[in-house]
Amino acid sequence: MIYENPNHRRVKGSRLLLITCGYCKKEIAHYQKVGKGNLLRMYVPRIVRSAVDLSKKPGALSCPKCKKQLATRVTLRRKGKDAYVMKRSAFNSAEL
Ligand SMILES: [Zn+2]
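About the thresholds
Residues numbered from 1 in each chain as written. Predicted model: local features only at pLDDT ≥ 70, side-chain atom pairs only at ≥ 80, totals over all residues. Heavy atoms only, no water. Helix = DSSP H or I, 4+ residues; strand = E, 2+ residues; numbered from the N terminus. Rg over C-alpha atoms; globule rule 2.2 N^0.38 Å. Buried < 20%, exposed > 50% of the residue type's maximum accessible area, 1.4 Å probe, protein only. Phe/Tyr/Trp six-rings, centres within 6.5 Å; stacked < 30°, edge-to-face > 60°. Lys NZ or Arg CZ within 6 Å of the ring centre and 35° of its normal. Donors = N, O, S within 2.8 Å, 3.2 Å for Na, K, Ca; no water. Tetrahedral: all angles 85-135°; square planar, octahedral: opposite > 155°, others 65-115°. Polar contact = N/O pair within 3.5 Å; in protein donor to acceptor, adjacent residues only side chain to side chain. Pairing = 2+ DSSP bridges.

Engineer: When you look at the overall build of the protein chain in this model, what are you seeing that I'm missing?
Structural biologist: Helix and strand content of the protein chain: zero helices and nine strands. Each helix (α) and strand (β) of the protein chain, taken in turn from the N terminus, gives the series β-β-β-β-β-β-β-β-β. In summary, the protein chain has a C-alpha radius of gyration of 12 Å against a globular reference of 12 Å for 96 residues, a match within 12%. Within the span of the protein chain, comprising 96 residues, buried residues form 39% of the whole.

This is the structure:
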């Protein structure tokens, strides 16, 4: 099951990444990445769609298949934005 993110916003100049579970390879999300560098967190409005239902604002992203936790939801104080802080080496990303 893939859920469209109701809070998704298009981002100019971003590239689309496929995020997969690092344990079982299940597809977790399509994400609009801005800039270079490793993916440390996913800002909620940049997540296009996900295997996790984001409309329920889950406090963590867990793989629906193997149930491992991949990220934790935080609200960034300075920016007032919600994001998922990715657990290192718990996921893979590839350009789409
Ligand atoms: Zn998994």
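And the narrative resumes.
Engineer: Would you mind going over the packing of aromatic side chains with me for this structure?
Structural biologist: Aromatic ring pairs are defined here through the distance separating the ring centres and the angle between the ring planes. Summed over the entire model, instances satisfying the criterion amount to zero aromatic pairs. Lying over the aromatic face of Y23, K68 brings its terminal NZ or CZ to 4.9 Å of the ring centre. When the ring centre of Y43 is taken as origin, the NZ or CZ atom of K81, which lies over that ring, is 5.4 Å away.

Engineer: Where do I start with unusual backbone geometry in this structure?
Structural biologist: Note: most peptide bonds trans; most residues except glycine with negative phi. The phi angle at K57 is positive, at roughly 45°, despite the residue not being glycine. Tracing the sequence through the fold places K57 in the loop between β5 (47–50) and β6 (60–62). Taking relative accessible area as the criterion, K57 reaches 53% and is therefore assigned exposed.

Engineer: For this particular structure, what's the right way to read the coordination of the zinc ion?
Structural biologist: Put simply, a metal with four donors set out as a tetrahedron has ideal angles of 109.5 degrees, and one with six donors set out as an octahedron has ideal angles of 90 or 180 degrees. Distances from the zinc ion to its protein donors, C21 (SG), C24 (SG), C63 (SG) and C66 (SG), fall at 2.3 Å. Note that the zinc ion binds four donor atoms; their angles at the metal cover 103 to 117°, and the shape is tetrahedral. Read N to C, the donor residues that coordinate the zinc ion are spaced as C-x2-C-x38-C-x2-C. Of this pair, C24 sits in the loop between β2 (15–21) and β3 (27–33) while C66 sits in the loop between β6 and β7 (69–76), and the two are 42 residues apart along the sequence.

Engineer: Would you mind going over the side chain of S50 with me for this structure?
Structural biologist: Within the secondary structure, S50 sits in strand β5. On the accessibility criterion, S50 (2% relative accessible area) is buried. Engagement of the side chain of S50 in a polar contact is seen with the backbone oxygen of I28, the distance being 3.0 Å.

Engineer: Even after reading the chapter, I still don't get the pairing of β2, so can you show me in this structure?
Structural biologist: Each regular strand carries side chains that alternate between the two faces of the sheet. The element β2 is extensively covered by neighbouring structure, given that five of its seven residues are classed as buried. Direction of pairing for β2 relative to β3: antiparallel, over a ladder of six bridges. Residue L17 lies in a different strand from β3, and its bridge partner there is Y31. Between the end of β2 and the start of β3, which pair antiparallel, lie five residues, with K25 showing a positive phi angle near 75°. Pairing of β2 with strand β9 (residues 91–95), which is carried by five bridges, proceeds in the antiparallel orientation. Note on β9: the bridge partner recorded for I19 is S93.

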